[in-house]
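Analysis of the macromolecular model
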Amino acid sequence: MTLEAGECPNGHVSYPTHPRCPECGEPQEETHDLSGQTAEVVTWTKSTATPPGVRQPNTLAIVEFDVDGEAVRALGQVTTEDVETGDEVEPVHVEELRDPEVGLKSENPESQEWGGYRWDPV
Amino acid sequence: MGVAVIGASMTKFGQRDAWIRELLSQAGEECLDDADVTPKEVEHLYVSNMASGEFEGQTGVMNMLAHDLGVLPAYAERVDQTSSSGGAGIYEAWQSVASGASDMTLLVGGEKMTHKTTGEATDIIASITHPEEYKHGVTLPSFAGLTARHYLERFDAPRESLARVAVKNHKNGVDNPKAQFQKEITMEKALDSPIIADPLRLYDFCPITDGSAAMMFTTEERAKEITDEYAVVSGVAGATDTQVVHERDDPTVMGGVVESSKQAYEMAGLGPDDLDVAELHDMFTILEFLQLEGIGVADQGTAWEMAMDGATEKDGELPINTSGGLKSKGHPLGASGVAQGVEIYEQLVGEAGPRQVEADTALACNVGGFGNCVITTIMEAAE
Ligand SMILES: [Zn+2]
């Protein structure tokens, strides 16, 4: 389970990866592992009305990584409710971000992966 | 070929006992009556609906409605474009007449949602997100919270400006007998309501709603034969933006709104200064600002000033959401974009009753997902 950004031959980087680059349409052939890097909080929210199988409250943040000088953003859960815009965070791995056995996708939990990274303020 | 709207209807929005079948046929029948068109004259039928399968276990709603309304053997199609299904239906209906494929096209949008819990309904809607977002439990309201915080911090906008959108749209909704809430709210109530997605509170969000709305489209030539009271679709266009919200270059710019409105203005030969009234997709209060900026009415980061100045009130410079908006009228997903069309049609033909403003040119902006897909429609009063 990685935190992988994709890069196309024209140097456009996106997280998550896509079969084709969202900016130019070329295949994304290179990847960058962001999991060992820190990022900065761009914005955050604390959601109190969460769907079945999701922790409550659910603090979420959009954070920005630097990949060879290009800003690459990612969204994820925050480990704490104590977070502010501009905070530096590091990704920490979690086996299950929400309960795959509950909710609309519970009939086919194998349709996607449920593990991933939360943001932990450093 | 000029495309005209000659009739419109909507059911009462709110918590309804009726299921999707009854809601759609109720609006469809009323629209046939309003346009004074017989079922057998209808050549194309479009049904805007996002998720009747997921909400109710009912699929194939276009054929169901074609049969229930007696429009057989009309061509029938279901249009799903998430929250902008209704706007996409307007686009489809316009295309069907403009291409010459149909001389009489009925559009009906509807959704039945309130029988689900808020969590279940939120999960159905959140299923449009990318798996990398969905697994974090992100919801459309949380995108609104993330974007609102960024907007307020970056443009130094007061929290009160968002509450003003809610207060205004509730005030407008009082004059709409079809609205889910016909009830004013105070600034204090909006600002003290429970937090849903910080910094947004309960009154920054539209409700979960059942309801249906419909419009009748025909050629301008035929419209003239039938009635004096019609409106013309002079511009309509749709556009998409990234499915993954954080991948947008600027979180406060809705690319789909910018692109679709640009194309719609071009087609109509008009610009933002020509608008007399507009219905914007205020699923969340912050969206009213992002759309005012996206359609070119306000510069980036300044739409909040319009809310503070009262420029978007019913008696302001550019009345926004005279219907009450999604905020107080309600948001039955597939019906919302059609209901926006119903409101601007009624404003243009002078049938808006106590909500009436003076208007010859009107715009409706219908947003799917969190700006993932957008349809902008411009309608003008018949000359
Ligand atoms: Zn590229």
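Residues numbered from 1 in each chain as written. Chains lettered and ligands numbered in written order. Predicted model: local features only at pLDDT ≥ 70, side-chain atom pairs only at ≥ 80, totals over all residues. Heavy atoms only, no water.

Going by what an unreviewed UniProt entry lists, chain B is known as Thiolase family protein and is assigned to Haloarcula limicola.

With an unreviewed UniProt entry as reference, chain A is termed Nucleic acid-binding protein, source organism Haloarcula limicola.

1. Section: the pairing of strand β7 (residues 211–219) of chain B
Residue and element names in this part refer to chain B. With nine of its nine residues buried, β7 lies for the most part within the structure. Relative to β7, strand β4 (residues 104–111) is paired through eight bridges, and the arrangement is antiparallel. Its bridge partner lying in β7, Leu106 is registered against Met216. (Buried < 20%, exposed > 50% of the residue type's maximum accessible area, 1.4 Å probe, protein only. Helix = DSSP H or I, 4+ residues; strand = E, 2+ residues; numbered from the N terminus. Pairing = 2+ DSSP bridges.)

2. Observations concerning a negative patch on the surface
Residues and elements named next belong to chain B. Taken together, the side chains of Glu29, Glu30, Asp33, Asp34, Asp36, Asp228, Glu229 and Glu351 make up a negatively charged region of the molecular surface. Structurally, the position occupied by Asp228 is in the loop between α10 (220–226) and β8 (231–240). In this structure Asp228 comes out as exposed when scored by relative accessible area, which is 71%. (Patch = residues over 30% accessible without salt bridge, like charges linked within 9 Å, V, L, I, M, F, W, Y side chains within 5 Å. Areas by Shrake-Rupley, 256 points an atom, 1.4 Å probe, with all protein chains shown as cover. Salt bridge = Lys/Arg side-chain N within 4 Å of Asp/Glu carboxyl O. Lys, Arg positive; Asp, Glu negative; His and termini not counted. Charge placed at Lys NZ, Arg CZ, Asp CG, Glu CD.)

3. Digging into the packing of aromatic side chains
Counted by the stated rule, this structure contains nine aromatic pairs over all chains. Seen from their ring centres, Trp114 of chain A and Tyr134 of chain B are 6.2 Å apart, and the 65 degrees between their planes marks the pair as edge-to-face. Here Trp114 of chain A, found in the loop between β7 (88–94) and β8 (116–121), pairs with Tyr134 of chain B, found in helix α6 (residues 131–134), and the two come from separate chains. Neither Trp114 of chain A nor Tyr134 of chain B differs from the other in exposure class; each is buried. (Phe/Tyr/Trp six-rings, centres within 6.5 Å; stacked < 30°, edge-to-face > 60°.)

4. Observations regarding helix α8 (residues 159–173) of chain B
Each full turn of the α-helix corresponds to 3.6 residues, which orients residues three or four apart in the same direction. All names here are of chain B. Here α8 is 15 residues long and its end C-alpha atoms lie 22 Å apart, about the 21 Å a rise of 1.5 Å per residue gives. Extensive coverage of α8 is indicated by the burial of twelve of its 15 residues. Taken together, the buried positions of α8 are Arg159, Ser161, Leu162, Ala163, Val165, Ala166, Val167, Lys168, Asn169, His170, Asn172 and Gly173. Among the structural elements, α7 (140–155), α9 (187–192), β6 (200–201), α12 (285–294), α13 (303–309) and α14 (325–329) are those in contact with the buried residues of α8. (Expected span 1.5 Å × (residues − 1). Contact = heavy atoms within 4.5 Å.)

5. Concerning the UniProt feature "domain: ChsH2 C-terminal OB-fold" (unreviewed entry) in chain A
The UniProt record annotates "domain: ChsH2 C-terminal OB-fold" (unreviewed entry) at residues 33–92 of chain A. Between the C-alpha atoms that bound residues 33–92 of chain A the distance is 13 Å, and the span itself is 0% helix and 55% strand. (UniProt positions renumbered as here; feature names shortened; annotations may be inferred.)

6. Structural notes on the sheet that holds β7 of chain B
Residue and element names in this part refer to chain B. Spatially, the nine strands line up as an open sheet ordered β3-β2-β4-β7-β1-β8-β11-β10-β9, and their pairing is mixed. In this open sheet, the two edge strands, each paired with only one partner strand, are β3 (75–79) and β9 (277–279). Neighbour to neighbour, the strand axes of the sheet diverge by 25 degrees on average, direction disregarded. As defined by bridge partners, strand β2 (residues 44–48) adjoins β4 across five bridges and the pair is classed as parallel. Its bridge partner being in β4, Tyr46 is matched across the sheet by Leu107. Running at roughly 130 degrees to β2, helix α3 (residues 61–69) makes contact with β2, β3 and β4 of the sheet. (Axes fitted to C-alpha atoms, helices over the stretch in contact; angles between N-to-C directions.)

7. Considering the coordination of the zinc ion
Residues and elements named next belong to chain A. Coordination of the zinc ion by the protein comes from Cys8 (SG), His12 (ND1), Cys21 (SG) and Cys24 (SG), over a distance range of 2.1 to 2.3 Å. Its four donor atoms give the zinc ion angles of 104 to 113 degrees at the centre, a pattern that matches the tetrahedral case. Residue class for Cys8 comes out buried when judged on its relative accessible area of 4%. Judged by its relative accessible area of 32%, Cys24 is partly exposed. (Donors = N, O, S within 2.8 Å, 3.2 Å for Na, K, Ca; no water. Tetrahedral: all angles 85-135°; square planar, octahedral: opposite > 155°, others 65-115°.)

8. Structural notes on the pattern of salt bridges
Residue and element names in this part refer to chain B. This structure, assessed with the given rule, holds 17 salt bridges over all chains. Ionic pairing is found between Glu279 and Lys329, a salt bridge with its closest N-O pair at 3.8 Å. Highlighted residues: Glu279 in strand β9 and Lys329 in helix α14, separated in sequence by 50 residues. Glu343 is the partner of Arg355 in a salt bridge, and the nearest nitrogen-oxygen pair spans 2.8 Å. Note that Arg355 is positioned in the loop between α15 (333–349) and β10 (361–368) and Glu343 in helix α15, a separation of twelve residues in sequence. Judged by relative accessible area, Arg355 falls into the buried class, the value being 6%. Each of the salt bridges in this network shares a partner with another, and the network as a whole consists of Glu343, Glu346 and Arg355.

9. Points about the UniProt feature "domain: Thiolase N-terminal" (unreviewed entry) in chain B
Listed under "domain: Thiolase N-terminal" (unreviewed entry) in the UniProt record, and renumbered for this structure, are residues 3–221 of chain B. End C-alpha atoms of residues 3–221 of chain B are separated by 9 Å, and the span's content is 44% helix alongside 18% strand.

10. Some thoughts on the environment of Leu191 of chain B
Residues and elements named next belong to chain B. Positionally, Leu191 belongs in helix α9. Given the relative accessible area of 22%, Leu191 is considered partly exposed. Apart from the residues within four sequence positions on either side, Leu191 is in contact with Arg159, Glu160, Ala163 and Arg201.

11. Focus on helix α1 (residues 20–35) of chain B
Residues and elements named next belong to chain B. For α1, built from 16 residues, the straight-helix expectation of 22 Å at 1.5 Å per residue is met to within 8% by its first-to-last C-alpha distance of 22 Å. Listing the buried residues of α1 in full gives Ile20, Leu23, Leu24, Ser25, Ala27, Gly28, Cys31, Leu32 and Ala35. In the stretch just after α1, Asp36 is the one whose phi turns positive, near 60 degrees.

12. Notes on the pairing of β2 of chain B
Across a regular strand the side chains alternate sides, sitting on one face of the sheet and then on the other. All names here are of chain B. Of all five residues making up β2, five are buried, and the element is well covered by its neighbours. Strand direction decides the pairing type here: β2 and β3, joined by five bridges, are parallel. Bridge assignment links Ser48 to a residue of β3, and that residue is Val79.

13. Things to note about unusual backbone geometry
With an omega of 0 degrees, the peptide bond running from Gln56 of chain A to Pro57 of chain A counts as cis. Mapped onto the fold, Pro57 of chain A is located in the loop between β4 (39–47) and β5 (58–67). Omega for the peptide link from Asp198 of chain B to Pro199 of chain B comes to 10 degrees, which places this bond in the cis form. Secondary-structure assignment places Pro199 of chain B in the loop between β5 (195–197) and β6. The residue Asn321 of chain B is not glycine, and still its phi comes out positive at about 60 degrees. Among the secondary structure elements, Asn321 of chain B is positioned in the loop between α13 and α14. For Asn321 of chain B, a relative accessible area of 0% translates into the label buried.

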